[in-house]
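Spelled out, the chains give:
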Amino acid sequence: MSDILIQLIWNGLVTGSLIALVALGLTLIYGIAHFIQFAHGEMVAIGAYTFMVFHKLSAWPIVPAALASIFITIVIGILLEKLFFKPVREHDPLIPLVIAIGLSIGIQALILIIFGPNILTISDHSYESYSFLDGALLATPSQILAFVFAVVLMIGLHLFLKKTKRGKAIRAISSNRSIGKTFGLSTDKSMMWVFGIGSLLTAIAGIFLGFEQNLEPLMGVQISVKAFSAVILGAIGSVRGAIFGSFLIGLAESLLVGLGIVASGFTAGIPFVILILMLLIRPEGLFGKRFVSLRQ
Amino acid sequence: MLEYLLSLLILTTIWTLLTQSYNLSFGLTGLFNLGHIIFYGIGAYTAAILNTDYGLQILPNLIIAAVVCGIVAAIFGLLTLRLSGHYLAIATLGAAMIAIVVATNWMDLTNGPLGIRGIDGPILFDLQITESWQILLLFLVIAGLCQWTLYKIFHSPFGRLQRAIQDDEIAARAVGKNTFLSKTWSLVLSSAFAGIAGAMYTHYRLFLDPTIFALPEIIFLILMIIVGGRGNFWGAILGTILVVIIGEIPRFFGFPDSIIGASRNILFAALLITTMFYRPKGLFTLFAKKAT
């Protein structure tokens, strides 16, 4: 019993880390641009597919392929901001949200046309699992790396936002754009950084997700809907909240299904049941401030 | 070719009603409820189950579907309408995800992913309607009545109150309006009409499976209302017709079947983004004399 519990907790932590990598970008983008980047999940798919192109089709080693794929995803993320979100930055937040929905279906369709609807594998190799605690815990190398990377990136992001000049500028612009401007901070630069960082995190999530599962054009949607609910769960715009919400969802999925409390067919509903229950108790999110108006 | 055209017209009639019902809660009251498709699905399933298990025909099914959807919407509203903005959007999107999971797994009720087959076509007082043009005529009458009712709602004091809530909820509250109750009513009415559209769909398609709740359907609905113009009665109709026509374009270019869906989505994405850039209020503004 305890054996399976350890394994389930580990699986939950890995899923939680992958969700967190996506959720962090979403929450940062929401914090600064005040809309939900619906196409953020597609950046996961872009990261995974470009990695597959370099690693499997062009036979590059893992590290250069990963760097190239991360670079391309960042460039695409920044371009999307410049081309599609910047022109409507001062509009009603519904407009960028709808544009993001359009981008999401457009990018999915492009991936489908380029790579076909079939499920692809990210690599020709298969890697042996490591065994820990006398076989109580099996972990693949990609799971271990995903968890380590997620934790390191979270700490890095935290330090970046709190300690560096650029991070402080991003937080200032997020909390009040016009006052930030008065103090000579560039909204454009902060936006670029936020979309860049968000894309970097999702590209990494995409590569690991590709190793964990497989590649399919809709792979981004499945993880991004979980990330949406993680972000809302923790209070949208909050970094701590997004991390907490992601791990909560990862662990809840893994434990509830693994221990047989919820039938496996219902897995996809779990994040949202948690979300809706939580919103009934604390409509402002777990890490949200009370008495703050939620009106946009 | 004629059959194809008729089937397209029938579906357009159903979708126009669905979009118009969404226009009430999303367009007029401004509830960004991404879960509207739930009520279309519940209406469809209600009609399918009543027909296959209890032998009820289209007319009682339409009414029962509307009532069931209205009741579910009232509960749904009590749970979610305290939220606003993006919180409401994601919570209701989540509700749609839960709906698809339930419809897939509750085998006894919905027959799961296999779907419900063998549904009767429209039967009016023992008179079986089989010809497509007759079905189209019947649906035009039903949808026309619903559209007329919705038009009346849009231009009633209740409709104006909804618009006021969208513009400034606090001001509406300040003049003594119970906005929570009005929002719930808007959701209930809008969902009831969505249920009618769902029941019509069931009795036309004669087959139903859980994909009716899926994300592409949600996006399709958003597309129709945003492109036409939310909050405007004619905008919803224009949007639906435009989206249906544009969605059929790839069929005529001889694309292989595997990428028809994808090329359609690219067209839809382009349509959505250009509309947002140049006519954020919707394309009906191209025809309107004054901006409303």
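Residues numbered from 1 in each chain as written. Chains lettered and ligands numbered in written order. Predicted model: local features only at pLDDT ≥ 70, side-chain atom pairs only at ≥ 80, totals over all residues. Heavy atoms only, no water.

Before going further, it helps to spend a moment on the overall build of chain B. Check the secondary structure of chain B and you find 12 helices and 2 strands. Moving toward the C terminus, one meets the helices and strands of chain B in the order α-α-α-α-α-β-β-α-α-α-α-α-α-α. Relative to a compact globule of 292 residues, whose C-alpha radius of gyration would be 19 Å, chain B shows 19 Å and is just as compact. Dimensions of chain B along its principal axes, counting C-alpha atoms only, are 55 × 45 × 35 Å. Here chain B, with 292 residues, has 58% of them falling under the buried criterion. Within chain B, residue pairs in contact and separated by at least 24 positions form 78% of the contacts whose partners lie at least 6 positions apart. For chain B, the computed accessible surface area is about 12600 Å², with 68% contributed by carbon and sulfur atoms. (Helix = DSSP H or I, 4+ residues; strand = E, 2+ residues; numbered from the N terminus. Rg over C-alpha atoms; globule rule 2.2 N^0.38 Å. Buried < 20%, exposed > 50% of the residue type's maximum accessible area, 1.4 Å probe, protein only. Contact = heavy atoms within 4.5 Å. Areas by Shrake-Rupley, 256 points an atom, 1.4 Å probe, with all protein chains shown as cover.)

Scanning chain A for helices and strands turns up 11 helices and 2 strands. Each helix and strand of chain A, placed in order from N terminus to C terminus, yields the pattern α-α-α-α-β-β-α-α-α-α-α-α-α. Expressed as lengths along the three principal axes of its C-alpha atoms, the size of chain A is roughly 60 × 50 × 35 Å. Expressed as a percentage of the 296 residues in chain A, the buried residues total 53%. Sequence-distant contacts in chain A: of pairs separated by 6 or more residues, those separated by 24 or more amount to 73%. About 12800 Å² of surface is accessible on chain A, with carbon and sulfur atoms providing 69% of the total.

The next thing to look at is the packing of helix α11 (residues 270–281) of chain A against helix α4 (residues 85–105) of chain B. Packing of α11 of chain A against α4 of chain B leaves a shortest axis separation of 9 Å and a crossing angle of 140°. Accordingly, the angle class assigned to the pair α11 of chain A and α4 of chain B is oblique. Classified by chirality, the crossing of α4 of chain B by α11 of chain A is left-handed. Contact residues: α11 of chain A offers Phe272, Val273, Leu275, Ile276 and Leu279 of chain A, while α4 of chain B offers Tyr87, Ile90, Ala91, Gly94, Ala95, Met97 and Ile98 of chain B. Grouping the constituent residues of the contact of α11 of chain A with α4 of chain B by class yields 11 nonpolar, 1 polar and no charged. (Axes fitted to C-alpha atoms, helices over the stretch in contact; angles between N-to-C directions. Parallel < 35°, antiparallel > 145°, perpendicular 65-115°, else oblique. Left-handed = near helix turned anticlockwise from the far one by under 90°. Nonpolar A, V, L, I, M, F, W, Y, C, P; charged D, E, K, R; others polar.)

Further remarks concern the nonpolar core. Ile14, Ile38, Tyr40, Leu93, Phe139, Ile196 and Met200 of chain B are the most contacted members of the largest nonpolar core, which has 183 residues in total. Here this core gets 13 residues from one element, more than from any other, and that element is helix α1 (residues 2–33) of chain A. Those residues in contact with Ile38 of chain B that sit more than four places away from it in its chain are Phe76, Thr92, Ala95, Ala96, Ala99 and Phe213 of chain B. (Core = buried A, V, L, I, M, F, W, Y, C linked by side-chain atoms within 4.5 Å.)

Residue and element names in this part refer to chain A. Positioned with a positive phi, Ala59 is a non-glycine residue whose angle comes to about 55°. As for its position among the elements, Ala59 is in the loop between α2 (40–57) and α3 (62–85). The phi dihedral of Ala235 is positive, around 95°, even though this residue is not glycine. Along the chain, Ala235 turns up in the loop between α9 (219–234) and α10 (239–258). A relative accessible area of 4% means that Ala235 is categorised as buried.

Moving on to the packing of aromatic side chains. Residues and elements named next belong to chain B. As enumerated under the stated definition, the model contains 23 aromatic pairs over all chains in all. Geometrically, the ring pair formed by Tyr4 and Phe252 is edge-to-face, given 6.4 Å between the ring centres and 70° between the ring planes. One end of the pair, Tyr4, is in helix α1 (residues 2–28); the other, Phe252, is in the loop between α11 (233–248) and α12 (257–278), with 248 residues separating them in the sequence. Ring geometry for Phe220 against Phe268: centres 5.9 Å apart, planes inclined by 50°, an arrangement best described as tilted. (Phe/Tyr/Trp six-rings, centres within 6.5 Å; stacked < 30°, edge-to-face > 60°.)

Let us look at α11 of chain B. All names here are of chain B. Taking 1.5 Å per residue as the helical rise, α11 with its 16 residues ought to reach 22 Å, and the 24 Å between its terminal C-alpha atoms agrees with that figure. All of the buried residues along α11 are Phe233, Gly235, Ala236, Ile237, Gly239, Thr240, Val243, Val244, Ile246, Gly247 and Glu248. Packing partners of the buried residues in α11 comprise α1, α6 (132–154), α10 (215–228) and α12. With a side-chain oxygen positioned 2.9 Å from the backbone nitrogen of Trp234, the residue opening α11 is Asn232. (Expected span 1.5 Å × (residues − 1). Polar contact = N/O pair within 3.5 Å; in protein donor to acceptor, adjacent residues only side chain to side chain.)

Attention now moves to the interface of chain A and chain B. Contact residues are listed per partner, giving 48 residues for chain A and 40 residues for chain B. Taken together, chain A and chain B are joined by 0 salt bridges. Within the residue set of the side of chain A that touches chain B, elements represented by two or more residues are α3, α4 (94–115), α9 and α11 of chain A. For the side of chain A that touches chain B, the element with the most residues is α4 of chain A, which contributes 14 residues. When the residues that make up the side of chain A that touches chain B are grouped by side-chain class, the tally is 37 nonpolar, 8 polar and 3 charged. (Salt bridge = Lys/Arg side-chain N within 4 Å of Asp/Glu carboxyl O.)

What follows concerns the environment of Leu238 of chain B. Residues and elements named next belong to chain B. Along the chain, the position of Leu238 falls in helix α11. For Leu238, a relative accessible area of 23% gives the class partly exposed. Separated by 10 residues in sequence, Leu238 and Gly228 have C-alpha atoms that sit 5.3 Å apart. The contact partners of Leu238, leaving out residues within four places of it in the chain, are Gly228, Leu283, Phe284 and Phe287.

Right, let's get into the side chain of Thr12 of chain B. Residue and element names in this part refer to chain B. Structurally, Thr12 can be placed in helix α1. Assessed through its relative accessible area of 11%, Thr12 is described here as buried. Aside from chain neighbours lying at most four places away, what touches Thr12 is Thr240, Ile241 and Val244.

Okay, the confidence of the model for chain A next. Residues and elements named next belong to chain A. Per-residue pLDDT for chain A has a mean of 87; in total, 97% of the residues score no lower than 70. Ranking the elements of chain A by mean pLDDT puts strand β1 (residues 130–132) last with 79 and α3 first with 94. When the criterion is pLDDT under 50, residues 291–296 qualifies, and its contacts beyond four places in sequence or with other chains add up to 11 contacts. (pLDDT = per-residue confidence, 0-100.)

Residues and elements named next belong to chain B. In total, this model carries 0 disulfides over all chains according to the counting rule given. Cys69 carries a free sulfur, and the closest cysteine sulfur to it, the one in Cys146, is 12 Å from it. Accessibility expressed as a relative area gives 0% for Cys69, which makes it buried. (Disulfide = S-S within 2.5 Å.)

Residue and element names in this part refer to chain B. Overall, the relative accessible area of 23% leaves Tyr4 in the partly exposed class. In sequence terms Tyr4 and Ser132 are 128 residues apart; their C-alpha atoms lie 9.8 Å from each other. With near-sequence residues (within four places) excluded, Tyr4 lies in contact with Glu248, Arg251 and Phe252.

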